[in-house]
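# Architecture at a glance
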Amino acid sequence: MADATANAHKRHGSLTQVDPRTRRRNAAEARFKAYGLAAIALGIFFLVVLAFSIIRSGVPAFTTTVVSLEMNVSPAEIDQAESGMLKTAAYTKLFIAQLGSQMQEQGIGGEVDPEAIGRILGKVGNDLRAFYQANPDAVGEPVDFTVNASSRVDGYFKGRVTREGLVDSRFLVATDLDVVDQLTEAGIITRQFDWGFLLGKDAGVDNPGGAGIGASVLGSFFMMLVVLVLSLPIGVAASIYLEEFAPKNRFTDIIEVNISNLAAVPSIVFGILGLAVFIQFASLPQSAPLVGGLVLTLMTLPTIIISTRASLKAVPPSIRDAALGVGASKMQAVFHHVLPLAAPGILTGTIIGLAQALGETAPLLLIGMVGFVAREFPTGFWDGFVEPNSAMPAQIYTWAARSDVAFYEKAWGGIIVLLVFLLIMNAIAIVLRRRFERRW
Amino acid sequence: MNDMRPLERIVDTDNIKISAKGCQVYYGETHAIKDVDVQIEDNTVTAFIGPSGCGKSTFLRCLNRMNDTIDICRVEGEILLDGENIYDKKVDPVQLRAKVGMVFQKPNPFPKSIYDNIAYGPRIHGLAKSKADLDVIVEKSLRRGAIWDEVKDRLDKPGTGLSGGQQQRLCIARAVATEPEVLLMDEPCSALDPIATSQVEELIDELRTQYSVVIVTHSMQQAARVSQKTAFFHLGNLVEFGETGQIFTNPTDPRTESYISGRIG
Ligand SMILES: Nc1ncnc2c1ncn2[C@@H]1O[C@H](COP(=O)(O)OP(=O)(O)O)[C@@H](O)[C@H]1O
Ligand SMILES: [Mg+2]
């Protein structure tokens, strides 16, 4: 008996000695932590690689190689250029001639070869003609003029084009690069930040240097306006109704399941739906940001509804009871108490939905918002909704699909611009959430 | 039920605030309240006691139609407030709840300032014509909630930042701010420590002068301390209803007797 009681008190061994069970348990826990750390490390590694490659490939898109020249064109030369059939070609010749004479003055490139100079320059004629037509006063005066170098010369500075790679090329020959080097030394060819990339519009397949993302940024902007204005109120109203007012029955269950299913529908399905309903049936204009916005609204609604309902659900029922208890109507309880508490979550969901919509490409291609449509800026605010335009991701896709590697670089640059916009949106989400949450 | 007849007769009918007749409550198939008749007097604290799950909260929530918010809940029978059936089709539950205020088991102040917590009810019911009016109402309500001295210097601070006992008194102040005639309290002290509990109990006793108070409690000592009338519920039945002193010292029903002596948990 005495033995039994003594043993009963010593059912466990010494605490200073780890028993095998505990050792196994601790080992399992340590392993699990290690897996978790490894997963996170792997994630960070891929993120860094991704960021690095995006920046490395994309940053060159933000600089461009330009040729600067003081031009002095006489009225007679202008008249002559305007009288011919190929007006832009004539202007190009003017520029080449002036650059040639300046090169001769400075003793660059030996004998002047207009064709070689033409290969170095990008599309000069258009810009030059547009400038003189806009500023007739400048005729006969010395004017500082800066034009893009050809995309191959640009590529030479960015490491894309090498002398060895220029065999058999009729667009640029290896000896041209010697001229380019000399022009660079003379300060006539320089590299500068390319505002045209950020603010410009898409250019033809033969003019990567002139292509900019500005027009499609506007396209995306108008689309996002449509998405925000439609999906936020509709989504929030639908969620409030479903969550707070709708009776719980078979019918609402079916709606609920279908909203979740809708969130998983591939975006291209929404695209073809938009094509059939908005363009073919409702006769809305093709390639219009309005239609893009409508399609993306359909896509964004489920995201907003799901997150809004989740944040409404997260508001403790005691708050509703409290409001009803002092004689608030159901609607007052929802709008005065529940909605403000759910607002941070709703906001986050909305911005995540918008960010998804901003990056969506496939449905836009189906309704005709392809990149090459972004050749003109919208002519006004309301026109921006209906005039043909593209959007950032579709523009990027179009560039990436073009054969000229210079466009490939533009695509990477476009990705950077898109990511910057997404980061800004997320930052706004965080700031707004903080602001709302500070009101407990 | 027979044993209630003699008591009903001695009730002064002029003083009846709420009177339930044949009240039945169902949650879907569950019959939660079975044929309850009860008469609740004005200027009286009436306590509902009984084992957990016997339907005290359910019946209390019938008195201001809070059960309307539960889809599956169905109420039958009559509940008269000042002679009017509150389940009449013409009655708007929102109007009713301004007249019958409620304090919940867990303190649930709005996540707003102390001032706004009190001012919310009067604002939505249009009780104040000006900011000054509202200030007066807020101060009066907080005084009635016996919490004015503790919060008068921080009316703009969040109500959720108060201690549990203070929050509950704030909720009581919020309930009285809409000038109700009846105050329903569902276990108002169950989340409070003994000191906060005794403060709230004192407050309930004071509130009796202006309101008809109905309090659900799981503590028989509390019922004995604060109430004049006690109703004992068991499995959805109102087993016994009468003077608190009589219920505790001389219950007529054996079930009441065994609950009070601790044999039904
Ligand atoms: N919302 C509800 N849905 C379904 N049944 C409920 C609900 N609320 C309470 N009940 C049931 O009604 C009975 C009474 O509950 P309640 O009134 O909360 O008891 P008490 O407050 O006396 O502990 C219990 O059996 C409980 O399960
Ligand atoms: Mg209860």
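Because the structure is predicted, anything quoted here is derived from the model rather than measured.

Bringing the overall build of chain A into the picture now. For chain A, the count of helices and strands is 19 helices and three strands. The C-alpha radius of gyration computed for chain A amounts to 32 Å, which surpasses the reference 22 Å derived for 440 residues by more than 25%, pointing to a less compact arrangement than a globule. In terms of its C-alpha atoms, chain A occupies a principal-axis envelope of roughly 120 × 65 × 40 Å. Residues classed as buried in chain A amount to 41% of the 440 residues present. Restricting to contacts in chain A with at least 6 residues of sequence separation, those with at least 24 account for 77%. Charged side chains in chain A number 35 positive and 37 negative. The centres of these two groups are separated by 20 Å.

Residue and element names in this part refer to chain B. Looking at chain B, the pLDDT average stands at 89 and 94% of residues meet or exceed 70. Here residues 1-11 is modelled with pLDDT under 50, and outside its nearest four sequence neighbours on either side it reaches 14 contacts, counting other chains as well. Confidence estimates for the predicted assembly give a pTM of 0.82 and an ipTM of 0.88.

Quick look at the site of ligand 1 now. Residues and elements named next belong to chain B. Around ligand 1, the structure places Tyr27, Ala32, Ser52, Gly53, Cys54, Gly55, Lys56, Ser57, Thr58, Ile70 and Ile72. Between ligand 1 and the protein, one listed contact pairs an oxygen atom with a backbone N or O atom of lysine 56 at 2.9 Å. Protein burial of ligand 1: of its 560 Å² of free accessible surface, 61% is covered by the chains. Among the elements that line the shell around ligand 1, the one with the most residues is helix α2 (residues 56-62), at three residues. The class makeup of the residues in the shell around ligand 1 is five nonpolar, five polar and one charged.

This next bit is on the sheet that holds strand β8 (residues 212-216) of chain B. Residue and element names in this part refer to chain B. If you walk across this open sheet you meet the six strands as β6-β7-β8-β3-β9-β10, and the pairing is mixed. One side of each edge strand has no neighbouring strand; the edge strands of this open sheet are β6 (100-103) and β10 (237-243). Recorded for the sheet is a direction-independent mean angle of 15° between the axes of neighbouring strands. With four bridges connecting them, strand β3 (residues 45-49) and strand β9 (residues 229-234) associate as parallel partners. The partner of isoleucine 49 across the bridge, within β9, is phenylalanine 232.

Time to look at empty space enclosed by the protein. Residues and elements named next belong to chain A. Evaluated as defined, the whole model comprises one cavity of 30 Å³ or more. Within this model, the largest cavity holds a volume of roughly 100 Å³. If you trace the largest cavity, you find 16 residues lining it, with Thr64, Asp154, Lys158, Gly209 and Lys410 closest to the centre. Contributing elements (two or more residues each) for the lining of the largest cavity: β1 (63-72), α7 (151-157) and α19 (405-437).

What follows deals with the packing of aromatic side chains. What the rule picks out here adds up to 21 aromatic pairs over all chains. Taken together, a centroid distance of 5.5 Å and an interplanar angle of 70° make the contact between Phe221(A) and Phe222(A) edge-to-face. Relative to Phe59(B), the ring of Phe48(B) has its centre 5.6 Å away and its plane inclined at 40°; by these criteria the two rings are tilted. Taken together, the residues Phe48(B) in strand β3 and Phe59(B) in helix α2 connect sequence positions eleven residues apart. Both residues of the pair, Phe48(B) and Phe59(B), count as buried.

Before going further, it helps to examine the interface of chain B and chain A. Contacts between the two partners involve 24 residues from chain B, matched on the other side by 19 residues from chain A. Taken together, the two surfaces of chain B and chain A that pack against each other cover about 1,800 Å², and 64% of this comes from carbon and sulfur. Of all residues in chain B, the largest losses of buried area upon contact with chain A belong to Phe110(B), Pro111(B) and Tyr120(B), amounting jointly to 28% of the total for that side. At the surface where chain B touches chain A, the tally comes to zero salt bridges. Between the two partners, chain B and chain A, sit four residue pairs in polar contact (both at pLDDT 80 or more).

What follows is about the side chain of Ser220(A). Residue and element names in this part refer to chain A. Looking at where serine 220 falls in the secondary structure, it is placed in helix α10 (residues 214-245). Serine 220 sits in the buried class, given a relative accessible area of 1%. Not counting residues within four places of it along the chain, the set of residues in contact with serine 220 comprises Leu358, Ser390, Ala391, Met392 and Pro393.

Residues and elements named next belong to chain A. Contact geometry of helix α13 (residues 289-314) with helix α15 (residues 330-358) gives a least axis separation of 8 Å together with a crossing angle of 150°. As judged from the angle between their axes, α13 and α15 are roughly antiparallel. Like other packed secondary-structure pairs, α13 and α15 cross with a definite hand, here right-handed. Together, Leu296, Thr300, Thr303, Ile304, Ser307, Thr308, Ser311 and Leu312 of α13 and Val338, Leu339, Ala342, Gly345, Ile346, Gly349, Thr350, Gly353, Leu354, Gln356 and Ala357 of α15 make up the contact between the two elements. When grouped by side-chain class, the residues that make up the contact of α13 with α15 number nine nonpolar, ten polar and no charged.

Residue and element names in this part refer to chain A. Spanning 15 residues, helix α12 (residues 267-281) covers 20 Å between terminal C-alpha atoms, matching the ideal 21 Å at 1.5 Å per step. At glycine 274, α12 shows its maximal bend, which comes to roughly 30°. Turning to α12, its buried residues are Ser267, Phe270, Gly271, Gly274, Phe278 and Ile279. Residues of α12 that are buried sit in contact with α11 (250-263), α13 and α16 (362-366). Downstream of α12 by a residue or two, serine 283 has a phi angle that is positive, lying close to 55°.

Turning our eyes to something else, we now look at the pattern of salt bridges. Applying the stated rule across the entire model yields 30 salt bridges over all chains. Here Asp178(A) makes a salt bridge to Arg163(A), at a shortest N to O gap of 2.7 Å. Here Asp178(A) is found in helix α8 (residues 174-185), whereas its partner Arg163(A) is found in the loop between α7 and α8, with 15 residues between them in sequence. Taking the relative accessible area as the measure of exposure, Asp178(A) reaches 38% and is therefore partly exposed. Taking relative accessible area as the criterion, Arg163(A) reaches 30% and is therefore assigned partly exposed. A salt bridge links Arg208(B) to Asp205(B), with the nearest nitrogen and oxygen atoms 3.7 Å apart. When its relative accessible area of 27% is taken as the criterion, Arg208(B) is described as partly exposed. Each of Asp154(A), Lys158(A), Arg160(A) and Glu409(A) takes part in a single network of salt bridges with overlapping partners.

This part is about helix α14 (residues 317-325) of chain A. Residue and element names in this part refer to chain A. Most of α14 is tucked away: seven of the nine residues are buried. Listing the buried residues of α14 in full gives Ile319, Arg320, Asp321, Ala322, Ala323, Leu324 and Gly325. Count one or two residues on from α14 and you reach glycine 327, which has phi positive near 90°.

Residue and element names in this part refer to chain A. Segmenting chain A into domains produces domain 1 (12-59), domain 2 (62-200) and domain 3 (214-436). When each unit is reduced to the centre of its C-alpha atoms, the spacing between domain 2 and domain 3 is 45 Å. On the domain 3 side, the residues contacting the ten residues of domain 2 number 13 residues. Both faces considered, domain 2 and domain 3 share a buried interface measuring about 830 Å² in area, 57% of it formed by carbon and sulfur atoms. Of all residues in domain 2, Phe62, Arg160 and Phe197 bury the most surface against domain 3, accounting for 56% of the area lost on that side. At the boundary of domain 2 and domain 3, one finds three salt bridges. Along the contact surface separating domain 2 from domain 3 lie five residue pairs in polar contact (both at pLDDT 80 or more).

Analysis parameters
Residues numbered from 1 in each chain as written. Chains lettered and ligands numbered in written order. Predicted model: local features only at pLDDT ≥ 70, side-chain atom pairs only at ≥ 80, totals over all residues. Heavy atoms only, no water. Helix = DSSP H or I, 4+ residues; strand = E, 2+ residues; numbered from the N terminus. Rg over C-alpha atoms; globule rule 2.2 N^0.38 Å. Buried < 20%, exposed > 50% of the residue type's maximum accessible area, 1.4 Å probe, protein only. Contact = heavy atoms within 4.5 Å. Lys, Arg positive; Asp, Glu negative; His and termini not counted. Charge placed at Lys NZ, Arg CZ, Asp CG, Glu CD. pLDDT = per-residue confidence, 0-100. Near = heavy atom within 4 Å. Polar contact = N/O pair within 3.5 Å; in protein donor to acceptor, adjacent residues only side chain to side chain. Areas by Shrake-Rupley, 256 points an atom, 1.4 Å probe, with all protein chains shown as cover. Nonpolar A, V, L, I, M, F, W, Y, C, P; charged D, E, K, R; others polar. Pairing = 2+ DSSP bridges. Axes fitted to C-alpha atoms, helices over the stretch in contact; angles between N-to-C directions. 1 Å grid on protein atoms, 1.4 Å probe; cavity = no way out; pocket = protein on both sides within 12 Å on 5 of 7 lines; lining within 4 Å. Points joined across faces, edges and corners; volume = space filled by probe spheres on them. Phe/Tyr/Trp six-rings, centres within 6.5 Å; stacked < 30°, edge-to-face > 60°. Buried area = accessible area lost by both parts, 1.4 Å probe. Salt bridge = Lys/Arg side-chain N within 4 Å of Asp/Glu carboxyl O. Parallel < 35°, antiparallel > 145°, perpendicular 65-115°, else oblique. Left-handed = near helix turned anticlockwise from the far one by under 90°. Expected span 1.5 Å × (residues − 1). Bend = angle between axes of the 7 residues up to and from the residue. Domains from an automatic or database assignment.

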